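Structural characterization, general
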Amino acid sequence: MSPPPLYRCAAAPRPSAAPTRVCLLGATGSLGRQTVELVERYPQRLRLVALAAHSRVDELAAAVQRLAAADPAADPPWVAVFDAAAHARAQAVPALRGRLLPPGEAGLLAAAALPEAEVVVNALVGAAGLAPTLAAVRRGARLALANKESLVVGGELVRAAAAAAGAVVLPVDSEHAAIAQALAGRAWDEVETLILTASGGPFRDWPAERVREATREDVLRHPTWRMGPKVTVDSATLMNKGLEVIEAHHLFGMPWSAIEVVVHPDSIVHSLVGFRDGSYLAQLGAPDMRVPLLYALAAESHWPLPIPRLDWVAVGALRFEAPDPQRFPCLRLARQAAEAGGRAPIVLNAANEVAVAALLAGRLRFSEIPGLIERSLAAVPGGPVRDLAEALAVDQEARRIAAA
Ligand SMILES: NC(=O)c1ccc[n+]([C@@H]2O[C@H](COP(=O)([O-])OP(=O)(O)OC[C@H]3O[C@@H](n4cnc5c(N)ncnc54)[C@H](OP(=O)(O)O)[C@@H]3O)[C@@H](O)[C@H]2O)c1
């Protein structure tokens, strides 16, 4: 039997007046930069105690300096730099030097495990996020999870660890944050379906022949969201929605058959929950990731945020369409891997990461991505996964096969 779902409704906010101490993994990325901006906006309520990135040392140093200016009384945050050469460069930067954690995964794990960090925001990209996710939930921290790959690769492991430690996992992905808001305070047995909305990406209305000719630049031109390169490519293939189906299953414990996907090109309805009496609740808003980020940082309450409000008359109508499995086979591949379970979602994710990196490097065409993933899934034998070491070994094997 699976461990309980990760998400628990209505986590109580802290009564204390002291700022919530936050560790931010992926501080220099699209979501990481928006998290830093929110912490700067709320120095009385939020304080960064650790920042981690792969190699963008200058951005890290700039963030540390801005945070010091916004909150001069705070101790400077600990800093983890994954890449060894970048870590060596960071040792020469005065703003970072005295607070550096070790390079590589050890630094990421040390940041996630810092006892003073009440909240860990995991905004890393890719399967590299799994070990830090486990480090955070194992010590019972509140995890604000953007890194959906953690749950695709190790959903069962994360659920077991969170149940054992009593950790709360709050979704940052806009779709899952919308579902959490629609569920708040309701009994699970009232819920019939979760409906994830998808923008449809830049090729939603392109004919198949034109999609086959799509360039890297076409792929990166997302119609509604500004995001990091990997999730932007995943949105164009609809793999992102496949990964989110798996994420929803582990967060909310619903069976695969009860998790639906609908294309909603306006990106205003961020997802819906269908209840057993035929009613639906949705969360709506402009496509702005600061909203779900702040909701998780604020322990599920709505703090003020001066972003442009929606003009409902200008919005006029909301459109919904069925996803097209012919033009976007990645959604089907993700569902098949999800239902097979065990090693299959790990292989799916690894092959997808290899394919996306190859596309971004100009070595693979957009239309070749699904075939590469399908061949990798066929080449790696299935079977159960018992622990993190085994999950990472399957991940490495699948990467080797996909790269070959
Ligand atoms: N961006 C969005 O709007 C959005 C929306 C929903 C969900 N998400 C999810 O959120 C996650 C982050 O997305 P993103 O778009 O913010 O990604 P991104 O812009 O590519 O940023 C990734 C961050 O992770 C860091 N990083 C990557 N590998 C690392 C490693 N091995 N060790 C330490 N740091 C590492 C990068 O550091 P460097 O900068 O030094 O390379 C960067 O700070 C993804 O799982 C994505 O699917 C994103």
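Since this is a predicted model, take the numbers as computed values, not measurements.

Calculation criteria
Residues numbered from 1 in each chain as written. Predicted model: local features only at pLDDT ≥ 70, side-chain atom pairs only at ≥ 80, totals over all residues. Heavy atoms only, no water. Near = heavy atom within 4 Å. Polar contact = N/O pair within 3.5 Å; in protein donor to acceptor, adjacent residues only side chain to side chain. Areas by Shrake-Rupley, 256 points an atom, 1.4 Å probe, with all protein chains shown as cover. Helix = DSSP H or I, 4+ residues; strand = E, 2+ residues; numbered from the N terminus. Buried < 20%, exposed > 50% of the residue type's maximum accessible area, 1.4 Å probe, protein only. Pairing = 2+ DSSP bridges. Phe/Tyr/Trp six-rings, centres within 6.5 Å; stacked < 30°, edge-to-face > 60°. Lys NZ or Arg CZ within 6 Å of the ring centre and 35° of its normal. Axes fitted to C-alpha atoms, helices over the stretch in contact; angles between N-to-C directions. Contact = heavy atoms within 4.5 Å. Salt bridge = Lys/Arg side-chain N within 4 Å of Asp/Glu carboxyl O.

**Remarks on the site of the ligand**
Residues in contact with the ligand amount to 26 residues; listed here are only the nearest, Thr28, Ser30, Ser55, Arg56 and Glu149. Interatomic distance of 2.8 Å between a backbone N/O atom of serine 30 and an oxygen atom of the ligand. Within the contact set of the ligand, an oxygen atom lies 2.7 Å away from a side-chain nitrogen or oxygen of glutamate 149. Relative to its unbound accessible surface of 900 Å², the ligand loses 91% to contact with the protein. If you list the elements that add at least two residues to the shell around the ligand, you get helix H1 (30-41), helix H7 (148-165) and helix H11 (229-237).

**Observations concerning the pairing of strand E9 (residues 269-275)**
Across the seven residues of E9, seven count as buried, placing the element largely inside the fold. Inspection of the sheet shows strand E7 (residues 191-198) paired to E9 by five bridges, in the antiparallel sense. The partner of valine 191 across the bridge, within E9, is phenylalanine 275. The sheet contact formed by E9 and strand E10 (residues 280-284) spans five bridges and is antiparallel. Among the inter-strand pairings, glycine 274 is bridged to a residue of E10, identified as tyrosine 280.

**Examining the packing of aromatic side chains**
Within this structure, the stated rule accounts for four aromatic pairs. With a centroid separation of 5.5 Å and 70° between ring planes, the pair formed by tyrosine 7 and phenylalanine 252 is classed as edge-to-face. Here the residue tyrosine 7 occupies a position in the segment before strand E1 (20-25), and phenylalanine 252 occupies one in helix H12 (residues 239-252), the gap between them amounting to 245 residues. With a centroid separation of 5.1 Å and 55° between ring planes, the pair formed by tyrosine 42 and tryptophan 303 is classed as tilted. With tyrosine 42 in the loop between H1 and strand E2 (46-53) and tryptophan 303 in the loop between helix H13 (290-297) and helix H14 (312-315), the pair connects residues that are 261 residues apart, well separated along the chain. Across the pair, exposure class does not vary: tyrosine 42 and tryptophan 303 are buried alike. Here a set of aromatic residues connected by ring pairs shows up, and it is made of Phe203, Trp206 and Phe366. Above the ring of tryptophan 303, the side-chain terminus of arginine 45 is found at 4.5 Å from the ring centroid.

**Focus on the sheet that holds strand E4 (residues 119-122)**
Picture the strands of a sheet paired through backbone hydrogen bonds; they go either parallel or antiparallel. Judged by pairing direction, the sheet is parallel, and its six strands sit side by side in the order E3-E2-E1-E4-E5-E6 without closing on themselves. In the strand order of this sheet, the two ends are held by strand E3 (78-81) and strand E6 (169-171), each with one partner. Adjacent strand axes in the sheet meet at a mean angle of 20°, parallel and antiparallel pairs treated alike. Sheet topology places E2 next to E3; four bridges connect them, and they run parallel. Across the sheet, the residue bridging to leucine 51 is valine 79, located in E3. Strands E1, E2, E4, strand E5 (142-145) and E6 of the sheet are contacted by H13, whose axis makes an angle of about 175° with E5.

**Some remarks on the pattern of salt bridges**
Taken as a whole and assessed by the stated rule, the structure comprises 22 salt bridges. Arginine 66 serves as the salt-bridge partner of glutamate 40, at 3.2 Å between the closest nitrogen and oxygen. With glutamate 40 in helix H1 and arginine 66 in helix H2 (residues 57-70), this residue pair connects regions lying 26 residues apart in the sequence. For glutamate 40, a relative accessible area of 25% corresponds to the partly exposed category. On the basis of relative accessible area, arginine 66 is assigned to the partly exposed category, the value being 39%. The shortest N-O distance in the salt bridge between lysine 148 and aspartate 173 comes to 3.0 Å. Within this pair, whereas lysine 148 is found in helix H7, its partner aspartate 173 is found in the loop between E6 and helix H8 (174-183), the two being separated by 25 residues in sequence. Residue classification places lysine 148 among the buried positions, given a relative accessible area of 6%.

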